[in-house]
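Spelled out from the first residue to the last, the chains are:
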Amino acid sequence: MPIWIRGGTLLDVLNGTFSEGDVLIGDDGRIAALGTFPPPEGALILEARGCAVLHGLVNAHTHLSQTFMRGLGDDKKLIDWLKMVVWRLQAAMTPEDVYLATLLGLVENVGCGVVALTEHHKMVNSPAHSDAALRAYREFGLPTLFAYGWNDLGEGAPSLDAIIAEMERLRAAADGTNVRVCVGPMVPWRCSDAAMGRTFALAEAWDVPFHLHAAETQDEVGLMIARNGMRHIEWLAALGVLSPRTQVVHGVWLSDDEMRLLQRGGARLIHCPTSNMYLASGMARVAPLFWRGVPIALGADGSGSNNSQDMLELLKIAALLAKIETMDATALAPRHILQMACAEGAAAVGLTPPELAIGAQARLICVEIETPRSAPVHDPFSALVYNANGGDVRHVIVGSRVMVKDRAVQGIDVAALIQECTRAAKALLERAGIS
Ligand SMILES: [Zn+2]
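Just so we're clear, the structure is a prediction, and the values are computed from it rather than from any experiment.

With their axes 10 Å apart at the nearest point, helix α2 (residues 95-111) and helix α14 (residues 414-432) run at an angle of 135° to one another. When the interaxial angle is binned, α2 and α14 end up oblique. In this structure, α2 meets α14 at a crossing whose hand is left-handed. From α2, Glu96, Asp97, Leu100, Ala101, Leu103, Leu104 and Val107 reach across to α14, where they touch Val414, Leu417, Glu420, Cys421, Ala424 and Leu428.

Moving on, we get to the environment of Ala91. Residue position: Ala91 is located in helix α1 (residues 78-92). With 341 residues separating them along the chain, Ala91 and Ala432 place their C-alpha atoms 8.0 Å apart.

Take helix α4 (residues 160-174) next. For α4, with 15 residues, the first-to-last C-alpha span of 21 Å sits near the 21 Å given by 1.5 Å per residue. All of the buried residues along α4 are Ile163, Met167 and Leu170. The buried residues of α4 all sit within an arc of 65° when viewed along its axis, so they share a single face. Opposite the packed face of α4, turned more than 90 degrees from it, sit the exposed residues Asp161, Ala162 and Ala172. Packing partners of the buried residues in α4 comprise α3 (127-140), β8 (144-150) and β9 (179-185). Gly176 sits one or two residues past α4 and shows a positive phi near 80°.

With that settled, consider the pairing of strand β5 (residues 51-55). Burial analysis of β5 places five of its five residues in the buried class, the great majority of the element. Relative to β5, strand β1 (residues 3-12) is paired through two bridges, and the arrangement is parallel. Looking across to β5, one finds that Thr9 is bridged to Ala52.

Moving on to the domain arrangement of the protein chain. How big an interface is tends to be stated in terms of the accessible area lost upon association of its parts. With domains assigned, the protein chain is organised as domain 1 (3-55 + 360-409) and domain 2 (57-349). Computed over C-alpha atoms, the centres of domain 1 and domain 2 are 29 Å apart. The interface of domain 1 with domain 2 comprises 22 residues on the first partner and 22 residues on the second. By residue number, the principal contributor to the side of domain 1 that touches domain 2 is helix α13 (residues 380-387), which donates five residues. Counted by class, the side of domain 1 that touches domain 2 contains 15 nonpolar, five polar and two charged residues.

Here the amide bond leading from Asn306 into Asn307 is cis, since omega sits at 5°, within 30 degrees of zero. Looking along the chain, the bond that leaves Ala375 and enters Pro376 is cis, with omega of -5°. Relative to the helices and strands, Pro376 resides in the loop between β14 (363-368) and α13. In the Ramachandran plot, His250 falls in the positive-phi region, its phi being about 90° despite a non-glycine side chain. Along the chain, His250 falls in strand β11 (residues 246-250). Given 28 C-beta atoms within 10 Å, His250 falls into the buried group. Not every positive phi belongs to a glycine, and Met327 is a case in point at roughly 50°.

The rules we used
Numbering of residues begins from 1 in every chain and follows the order in which that chain's sequence is written. Selection of residues for local features in this predicted model requires a pLDDT of at least 70, selection of side-chain atom pairs for listing and counting requires 80 or more, and totals for whole chains, interfaces and linings are taken over all residues. Interaxial angle, 0 to 180 degrees, is taken between N-to-C directions of lines fitted to C-alpha atoms, where a helix line uses only the stretch in contact. Only DSSP runs of H or I covering at least 4 residues are called helices, and only runs of E covering at least 2 are called strands; the numbering of each starts at the N terminus. Each angle is binned into one of four classes, with values under 35 degrees roughly parallel, values over 145 roughly antiparallel, values of 65 to 115 roughly perpendicular, and all other values oblique. Should the near helix be turned anticlockwise from the far one by less than a right angle, the crossing is termed left-handed; should it be turned clockwise, right-handed. Placing a C-beta atom from the backbone of each residue, one calls two residues in contact when those atoms lie within 7 Å. The span one expects for a helix is its residue count, reduced by one, times 1.5 Å. Counting other C-beta atoms within 10 Å of each residue's C-beta, where C-beta atoms are placed from the backbone, gives the exposure class: buried for 20 or more, exposed for 12 or fewer, partly exposed between. What the arc covers is the set of directions going from the helix axis to the C-beta atoms. Paired strands are those between which DSSP finds at least two bridges. The start and end points of each domain follow an automatic or database-based domain assignment. Residues are grouped as follows: Ala, Val, Leu, Ile, Met, Phe, Trp, Tyr, Cys and Pro are nonpolar; Asp, Glu, Lys and Arg are charged; all remaining types, including Gly, are polar.

Here it is in structure tokens:
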């Protein structure tokens, strides 16, 4: 059934322009018409008057198994947060916990206007845990880059051969679905040089991203220097794994030389401002990198360090943090922030550019901006970045599927899911001995 979006402010995030009009999405999930026209017979009508209509946001880095960990990391440093909360709960999670946490995280993401995301998959306790996460992503149907997280150093770490075999198994299981499996070194100081080289070669052979946490905290940089005398990006460059397929998540503590290396290598930065503030990790030098042409996408990071997945809220945080980091109120305009969230995000997860044009894949969101929070609207880009939040998302359409209609996530009993997750999370905390 064609979908007719009636009367919104259409934002072209690639060009930074906007106009009033309707959108028609054909049965093939592509934009069939733009402008002002009557609805075709039998079309599903979505009311968008008072809404900004634009390409949806891309959450380019998250860990949805952490949905059960919201609020438990409040007021802890990164290492304490990992040791006292994340690692303990991860060890106690069952595959069913992972499935439920992922599903709830997906409901939250899409409800806040996310149309694609990258899961940096941490739950590698057993193949069943990974299968449970994969099942949630497949069932939900949102375009997903599934970065398989691995560490081959440290107590109990699997062998490199076992890591590669598991990645190959998951890649085969996801073949032909909405999920694309890629390589995701998890903790740099626990990844050997040999494993980095071999898994990067695998990413090249598969033509998928190489997605890793790097330079998140000063302590981590110290650990890298103590290990081999190099900072994170210097190390990646020395290993020959710094390329356009490399996605550096966080990159908070980069020297001037590392910024140059990142630019020269063509690597992508995934900026997670809320998480960096929550854990007091620091401020990534995003504006200077952006103006040098380094591609920057945005990520919520897991709900263990956020505590939500609200990417609209995060736009404002990214804009404000860039101003404070540079002490320059002109550091990044709302259009630049939306470009990161939509265009660079789409590129990071391997989707086509977010064109608002006939024939383009529909991945559209309708966000209410004629609200007491946002009105009167003089500039819809500004209203989206500085006023709107996830609660303002009215509709989400991905291809020919309406995933959110009138604020309700479709095809799932959200109230029942929340109840089930609350029960499962309580039992998990008891098993892990966290009160
Ligand atoms: Zn992360």
